[in-house]
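Each chain is listed here by its residues.
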Amino acid sequence: MVSQNWRRFALLVAAAGIAAVSVAALVRALRKTRRGAKRRVDRHAGLKWPSERIVIHNPDAFFAKREKMRADGPGSVQVVSDFDMTLTAFMVDGQRGMTSHGIVERAPMVSDEFRQRSRALFEQYFPLEHSKSITVEEKFQHMTEWWKRSHQLICEEHIHLSDLSLMVGKAHVAVREGVTELFQELDSFNIPVTIISAGIKDVIEAVLKARAVFTKNIRVLSNKMFFDSEGLLVGFDDDNNVIHSMNKGRFASQFFSSTPELAQRKNVILLGDLCEDLTMAEGLNYDSMISVGFLNDPTKVEEMLPHYQEVYDVVVINDGSVDFVADLIKFVCCDDWEEDVHGPTL
């Protein structure tokens, strides 16, 4: 390719004549030719992305979905997203970022006994959550128990509504790189965002507000705290139906089936960090969906990437940013948006 470009350079010199065309002009012409050749050769080029962190398993299917969304326009699009480790960063200042439950468990106003008991629950149930030796039904029951017992422990700490902002302010948590700009774009195009999380709704909303990304187009579907008239936490709303890691799809289906304004938006962009997050699209009668999975842990990329590629259209590895998603939104919503191509990892 390089030698061919320089042959083009020589032909340009011969045709125009050194006296008539400056060397600088010829160099600009060569660069333009090389850019054009790159665009023609890479038929999958489209968005500006850091290729070393983006993997697209089936580019043809992805670009077909993307073109359909652009043809249908921003009024046809909605975003459905997980929260913990999807909209938040996996690593923060060299340490693992906190989940919404983790923010409560490590809050300065909770007791050491609470932390110890919460840790004991984690050590009991976390292996069961990832076990391959128990049935789905057994795992479902264990997760329901874990979430209920965890919520009961939280309620015993006499947390006040005013404590939430202090918890978040002290928490080791950050939104993923580019989330603030992405949500501003989504809001400007009136694209609704539904966050479906097995975490804690009140904490999630406090994080979004503290990081100035809680725009008017966002709805949060998660486990909601219930405070009494004095502002003390006394329970969780409908604690008999906790949202945990294995039933997000059921709650998503109930929510979307009762929200007609979202049912009219037939193109879905789904964001998650676990393969199970694909169930968040249940209940949506969509025409097209682009799913983006965040495979955060660098130590598990080699092992988990094939599985993520099976279920997600796009995989962002190594705790990457949401810039890919932001550029996708620009492409869909802006007819005159010019793409700056760096090429995907295919």
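Above: the structure in question.
Residues numbered from 1 in each chain as written. Predicted model: local features only at pLDDT ≥ 70, side-chain atom pairs only at ≥ 80, totals over all residues. Heavy atoms only, no water.

**Here we look at the packing of aromatic side chains**
We apply this condition: Paired rings are identified among Phe, Tyr and Trp, the last through its six-membered ring, by centres lying within 6.5 Å, and are further divided according to the angle between planes into stacked (under 30 degrees), edge-to-face (over 60) and tilted (the rest). Strands here are runs of E lasting at least two residues and helices are runs of H or I lasting at least four, both read from the DSSP assignment and numbered beginning at the N terminus. Buried, partly exposed and exposed residues are distinguished by accessible area as a fraction of the type maximum, computed with a 1.4 Å probe on protein chains only: under 20%, between the cut-offs, and over 50%, respectively. Only lysine NZ and arginine CZ atoms are considered, and such an atom sits over a ring when it is within 6 Å of the ring centre and within 35 degrees of the ring normal.
Taken as a whole, this structure holds 8 aromatic pairs when the rule is applied. An angle of 40° between the planes, with centres 5.7 Å apart, marks the rings of F62 and F324 as tilted. Of the two residues, F62 is situated in helix α3 (residues 59–72) and F324 in helix α13 (residues 323–333); the sequence distance between them amounts to 262 residues. Residue F62 shares its accessibility class with F324, and that shared class is buried. Pairing F122 with F126 gives two aromatic rings, centres 4.8 Å apart and planes at 20°, and the pair type is stacked. One end of the pair, F122, and the other, F126, are both in helix α5 (residues 112–129), 4 residues apart, so they sit about a helical turn from each other. Counting every residue linked through ring pairs, the aromatic cluster contains F122, Y125, F126, W146 and W147. Just above the ring of F331 sits the side chain of R66; from NZ or CZ to the centre is 3.4 Å.

**Some details on the pairing of strand β9 (residues 267–272)**
Spelled out, the test is: Strands are treated as partners if at least two bridges between them are detected by DSSP.
For β9, the buried fraction is high: 6 of the 6 residues fall into the buried class. With burial as the criterion, each face of β9 is covered, one bearing N267, I269 and L271 and the other bearing V268, L270 and G272. Where strand β2 (residues 77–81) lies against β9, 5 bridges are found, and the strand directions are parallel. Note on β9: the bridge partner recorded for S81 is L271.

**Some remarks on the pattern of salt bridges**
When the charged atoms of two side chains with opposite charge come close together, those side chains can pair. Threshold: Between Lys or Arg on one side and Asp or Glu on the other, a salt bridge is scored when a side-chain nitrogen of the former is within 4 Å of a carboxyl oxygen of the latter.
Using the criterion set out here, one finds 16 salt bridges in the structure. In this structure, the salt-bridge partner of E67 is R66, at a minimum N-O distance of 3.6 Å. Judged by relative accessible area, R66 falls into the buried class, the value being 3%. Notably, a salt bridge pairs K330 with E185, separated by 3.5 Å at the nearest N-O pair. Of the two residues, K330 sits in helix α13 while E185 sits in helix α8 (residues 179–188), which places them 145 residues apart along the sequence. Connected via shared salt-bridge partners are D82, K248 and D277.

**With respect to the sheet that holds strand β5 (residues 193–200)**
For clarity, the cut-off: Axis geometry follows a simple rule: fit a line to the C-alpha atoms, using only the stretch in contact for helices, then measure angles between N-to-C directions, giving values from 0 to 180 degrees. Note on definitions: a residue-residue contact is assigned when non-hydrogen atoms from the two residues lie within 4.5 Å.
Spatial ordering of the open sheet is given by β1-β11-β10-β9-β2-β5-β6, a layout of 7 strands whose pairing is mixed. Strands with a single pairing partner mark the edges of an open sheet, and in this sheet they are β1 (54–56) and β6 (218–223). Each strand axis lies, on average, 20° off the axis of its neighbour in the sheet, ignoring direction. Sheet topology places β9 next to strand β10 (residues 288–295); 6 bridges connect them, and they run parallel. Opposite N267, over in β10, you have S288 as the bridge partner. Against the sheet, helix α9 (residues 201–210) touches β5 and β6, its axis set at about 145° to β6.

**Concerning the nonpolar core**
Worth spelling out the cut-off: Take the buried Ala, Val, Leu, Ile, Met, Phe, Trp, Tyr and Cys residues and link them wherever side-chain atoms come within 4.5 Å; each set so joined is a nonpolar core.
Membership of the largest hydrophobic core comes to 68 residues, with the highest contact counts inside it found for V104, I154, F183, L208, M225 and I269. With 7 residues, the single largest contributor to this core is α13. Filtering out sequence-adjacent residues up to four positions away, I269 remains in contact with M69, V77, Q78, V79, V80, I290, V325, L328 and I329. Listed in part, the 25 residues of the second largest apolar core include V55, L262, L270 and L305.

**Side note on the packing of α3 against α13**
Short version of the rule: Note that the term roughly parallel is reserved for angles under 35 degrees, roughly antiparallel for angles over 145, roughly perpendicular for angles of 65 to 115, and oblique for everything else. All amino acids are sorted into three groups, where Ala, Val, Leu, Ile, Met, Phe, Trp, Tyr, Cys and Pro are nonpolar, Asp, Glu, Lys and Arg are charged, and the leftover types, Gly among them, are polar.
α13 packs onto α3 with a crossing angle of 45° between their chain directions and a minimal axis gap of 8 Å. Comparing the axis directions of α3 and α13 gives the class oblique. Where α3 abuts α13, its residues F62, R66, E67, M69 and R70 lie against F324, L328, F331 and V332. Its residues assigned to classes, the contact of α3 with α13 shows 6 nonpolar, no polar and 3 charged.

**Observations concerning helix α6 (residues 136–155)**
Going by this rule: An expected span of 1.5 Å times one less than the residue number is assigned to each helix.
Helix length check: α6 (20 residues) gives 29 Å between terminal C-alpha atoms against 28 Å at 1.5 Å per residue, within 8%. Of the residues making up α6, those classed as buried are K139, M143, T144, W146, W147, S150, H151, L153, I154 and C155. In this structure, the buried residues of α6 make contact with α4 (100–105), α5, β5, β6, β7 (225–227) and β8 (233–236).

**Points about a nonpolar patch on the surface**
To keep it simple, the criterion reads: Patch definition: residues above 30% relative accessible area lacking any salt bridge, with like charges linked at up to 9 Å and the nonpolar side chains Val, Leu, Ile, Met, Phe, Trp and Tyr linked at up to 5 Å. For the area figures, the Shrake-Rupley method with a 1.4 Å probe applies, and any residue is considered shielded solely by the protein chains shown.
Taken together, the side chains of F226, L232 and V234 present a nonpolar region at the surface, about 260 Å² in accessible area. Within the element layout of this structure, F226 appears in strand β7. Looking at F226, the relative accessible area reads 48%, which means it is partly exposed.

**Details of α13**
For α13, the buried fraction is high: 9 of the 11 residues fall into the buried class. Listed as buried for α13 are F324, V325, A326, D327, L328, I329, F331, V332 and C333.

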